[in-house]
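One-letter residues, chain by chain:
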Amino acid sequence: MTTVWVPCDAAAVAVGADDVAEALRAAGATVRRNGSRGMLWLEPLVEVETEEGRIGYAGCSPSDVASVLDGSAESLGIVDELPWLARQQRVTFARVGLIEPTDITAYQSHGGLAGLRRALTLNPAEVVAEVTTSGLRGRGGAGFPTGIKWETVRTTEASTKFVCCNADEGDSGTFADRMLMEGDPFSLIEGMVIAAYAVGAREGYIYCRSEYPQAITTLRRAIDISYAHGLLGESVLGSGHAFDLDVRVGAGAYICGEETSMLESLEGKRGEVRAKPPIPALEGFLGAPTIVNNVISLGSVPMILADGGAAYAALGTGRSRGTSVFQLAGNVKQGGIVETAFGISLGQLVEGFGGGTRSGRPVKAVQVGGPLGAYLAPEQFDLPLDYEAFAAAGAMVGHGGVVVWDDTMDAAAMARFAMEFCAIESCGKCTPCRIGSTRGVEVIDRIRDGDETTRHTNLVLLQDLCTTMEKGSLCALGGLTPLPVRSALALFPQDFGVAAASDRSTS
């Protein structure tokens, strides 16, 4: 009987993967459901097991089932050998697409639990030292060194400590957290167990956005299986260390992606930013020392412990070590997941992996790091993707989301959207964010609609407003909203009705 793999990832399901799976079963095939390989433009991507390897068939529908099973359909060849995949360096996503997400036996046969088993042979300080050596930094956007955060929690005296995973992935153009939770949930669970052992925590929570129902279902099933196999509970793998884990579901507030707002929500309160200090590592969930890391950060930990921190640190460049999971979205021909070492250029990512725009028109801008990230022009495509290089260019890597626009983009409209987004999603606690973003929408409207005299006055006002938001906001929502606004104005002044500097100098 033919064994066929059909993704259960939400992106594949959205374009008919469940119907294809049902048609394959009806035709007599053995159907197994895997996470997506990350080539989203090919979904539903069906893979047929052969002696040579798994053969891929792109964009399948129920009507293609007969030709797929008899081998007459046009194939992509062996999926593992496709250049788009072969050029990547998959560490965190090493298993995604290869196994059934909640098959713990397959998880272990593909290297799962090796990191935890090694961690349990070390003392907690040694586990933290491995994470510190790896150079892992927060993949949620802030880029804070993970080892330092863990060491702070480990060395803080407290009777109770927590590990909280921030899975409130709300940035536009980002989907890596979702794909890991849906495609390899045990890697996240294992990472959280390692973190708990390292700092002395006995309880943890995954705070997942409500818009990810498949991820929530998969995580809860994986947690039940983990308890049944001793990965969670009173004695993790017989070590004597207890750790309990649960999933909590958010209610759609973007601000709860900010760590302190997330903790407020976890405690049953309104999602609202806390003033710092104290930081969550000292006073977090219920006032106890708390590790707060995102899905990709925690999902990378098992590989770091299995292979050693130095092996992970050998990848990347400068202070940006290891790999990053970049997400290609927007007007791009080949959108999806690209995991590769830091240091790849933006052009290699957008043109090499992405294949340029889906429309076939020239790229006008790329926004990296979500709706609060700066816009970058094709002239900046040689910029290496690492934290320091992007910061020096006035941009940020953030969560690794890369959204592409062609030359029909209106930069002024996008700047307005940034302010409007902030106004809608602000928790309202601080005035610069709550009021500044609302005034920002109004000022940009006046710039776009006014004459040359009023436009100049409002441009000055907009810059002052951006400075107030940047310097005075309590969290990154208000503090980073000026980044896309200022970059849009600097790169594309003509979209705001302002002559470019080169035009002014020649007039």
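Scroll up to find the structure.
Each chain has its residues counted from 1, running along the sequence as written. Residues qualify for local features only when their pLDDT is at least 70, as the model is predicted, and side-chain atom pairs are given and counted only at 80 or more; totals for whole chains, interfaces and linings, by contrast, use all residues. Excluded from the side-chain calculation are hydrogens and water; included are all heavy atoms of the structure.

Trainee: Would you explain helix α18 (residues 431-449) in this entry?
Mentor: An α-helical turn contains 3.6 residues, so a residue and the one three or four places further along point in the same direction. For α18, built from 19 residues, the straight-helix expectation of 27 Å at 1.5 Å per residue is met to within 8% by its first-to-last C-alpha distance of 26 Å. Working definition for bend: take the seven residues up to and ending at a residue and the seven starting at it, fit an axis to each, and measure the angle between the axes. Secondary structure is summarised from DSSP: a helix means a run of H or I of at least four residues, a strand means a run of E of at least two, and numbering begins at the N terminus for each. At Ser437, α18 shows its strongest bend, of approximately 25°. Where α18 is buried, its residues contact α17 (411-425), α19 (452-472), α20 (476-480) and α21 (482-491). Expected helix span is computed as 1.5 Å times (number of residues minus one). We call two residues in contact when some of their heavy atoms are within 4.5 Å.

Trainee: When you look at the sheet that holds strand β16 (residues 401-406) in this model, what are you seeing that I'm missing?
Mentor: In a beta sheet, neighbouring strands are held together by backbone hydrogen bonds and run either parallel or antiparallel to one another. By definition, two strands form a pair when at least two bridges between them are found by DSSP. Spatially, the 5 strands line up as an open sheet ordered β13-β12-β16-β14-β15, and their pairing is mixed. The strands lining the two open edges of the sheet, one partner per strand, are β13 (336-341) and β15 (375-376). Pairing between strand β14 (residues 363-368) and β16: 5 bridges, direction antiparallel. Looking at the pairing, Val368 lines up with Val402 of β16.

Trainee: It is not clear to me how the pattern of salt bridges should be interpreted in this structure. Could you clarify?
Mentor: Side-chain pairs of opposite charge can arise where the charged atoms are in close proximity. We count a salt bridge whenever a side-chain nitrogen from Lys or Arg sits within 4 Å of a carboxyl oxygen from Asp or Glu. A full pass over the atoms with the stated rule returns 30 salt bridges. In this structure, Asp246 engages Arg248 in a salt bridge whose closest nitrogen and oxygen atoms are separated by 3.7 Å. The exposure class of Asp246 is partly exposed, given its relative accessible area of 34%. We classify Arg248 as partly exposed; its relative accessible area is 32%. Residue Glu272 is joined to Arg270 by a salt bridge in which the shortest nitrogen-to-oxygen separation is 3.0 Å. Only protein chains enter the calculation, and the probe is 1.4 Å; a residue is then buried if its accessible area is under 20% of its type maximum, exposed if over 50%, and partly exposed in between. A relative accessible area of 26% means that Glu272 is categorised as partly exposed. Judged by relative accessible area, which is 54%, Arg270 ranks as exposed. Connected through salt bridges with shared partners, the residues Arg37, Glu47, Arg54 and Asp80 form a single ionic network.

Trainee: Got a minute to help me understand the environment of Pro62 in this structure?
Mentor: Here Pro62 shows up in the loop between β4 (54-57) and α3 (65-70). C-alpha separation for the pair Pro62 and Val20, spaced 42 residues apart in sequence, amounts to 4.8 Å. Sequence-distant contacts of Pro62, that is, excluding residues within four places in its chain, are made with Asp19, Val20 and Ala23.

Trainee: What is the right way to look at the sheet that holds strand β9 (residues 290-294) in this model?
Mentor: The parallel open sheet is built from 4 strands, whose spatial order is β8-β7-β6-β9. Unpaired on one side and paired on the other, β8 (244-249) and β9 mark the two borders of the sheet. If you compare each strand with its neighbour and ignore which way they point, the axes differ by 20° on average. Where strand β6 (residues 162-167) lies against strand β7 (residues 203-208), 6 bridges are found, and the strand directions are parallel. Bridge pairing in β7 places Asn166 opposite Tyr207. To obtain each axis, a line is fitted to C-alpha atoms, and for helices this fit is confined to the stretch in contact; angles are then taken between N-to-C directions over 0 to 180 degrees.

Trainee: Where do I start with the pairing of strand β12 (residues 323-330) in this structure?
Mentor: The side chains of a regular strand alternate, residue by residue, between the two faces of the sheet. Across the 8 residues of β12, 7 count as buried, placing the element largely inside the fold. The pairing of β12 with β13 spans 6 bridges and is antiparallel. Following the sheet pairing, Val325 is matched in β13 by Glu339. Linking β12 back to β13 in an antiparallel pair, the connection comprises 5 residues. Relative to β16, β12 runs parallel, the two being bridged by 4 bridges. Pairing of Gly330 across the sheet is with Val404, part of β16.

Trainee: Got a minute to help me understand the environment of Glu151 in this structure?
Mentor: Within the secondary structure, Glu151 is located in helix α8 (residues 146-155). As for Glu151 and Ala129, which are separated by 22 residues in sequence, their C-alpha atoms are 8.4 Å apart.

Trainee: Honestly, unusual backbone geometry in this entry has me stumped. Any pointers?
Mentor: Keep in mind that most residues, glycine aside, have a negative phi and that most peptide bonds are trans. Each neighbour pair has its own omega, and for Lys276 with Pro277 the value is 0°, a cis peptide bond. Note that Pro277 resides in the loop between α12 (259-266) and β9. Along the chain, Pro277 connects to Pro278 via a cis peptide bond; the corresponding omega equals 5°. Positionally, Pro278 belongs in the loop between α12 and β9. Even without being a glycine, Leu113 presents a positive backbone phi close to 75°. Tracing the chain through its elements places Leu113 in the loop between α5 (104-109) and α6 (114-119). The backbone phi angle of Leu237 is positive, close to 50°, even though this residue is not glycine. Within the element layout of this structure, Leu237 appears in the loop between α11 (213-228) and β8.

Trainee: Is there a simple way to think about the packing of aromatic side chains in this case?
Mentor: The way to describe two aromatic rings as a pair is by their centre distance and the angle between their planes. Classification of ring pairs uses Phe, Tyr and Trp, with its six-membered ring standing for Trp, and accepts pairs whose centres are within 6.5 Å; under 30 degrees between planes counts as stacked, over 60 as edge-to-face, and the remaining range as tilted. All chains considered together, the criterion is met by 10 aromatic pairs. Centre to centre, the rings of Tyr107 and Phe186 are 5.4 Å apart; their planes meet at 50°, and the pair counts as tilted. With a gap of 79 residues between them, Tyr107 in helix α5 and Phe186 in helix α10 (residues 185-199) connect regions that are remote in the sequence. Accessibility expressed as a relative area gives 0% for Tyr107, which makes it buried. For the pair Tyr205 and Phe285, a centre-to-centre distance of 5.3 Å together with 65° between the ring planes defines the contact as edge-to-face. Taken together, the residues Tyr205 in strand β7 and Phe285 in the loop between α12 and β9 connect sequence positions 80 residues apart. Each member of the pair, Tyr205 as well as Phe285, carries the same accessibility label: buried. One aromatic cluster in this structure is built from Trp41, Trp84 and Phe353.

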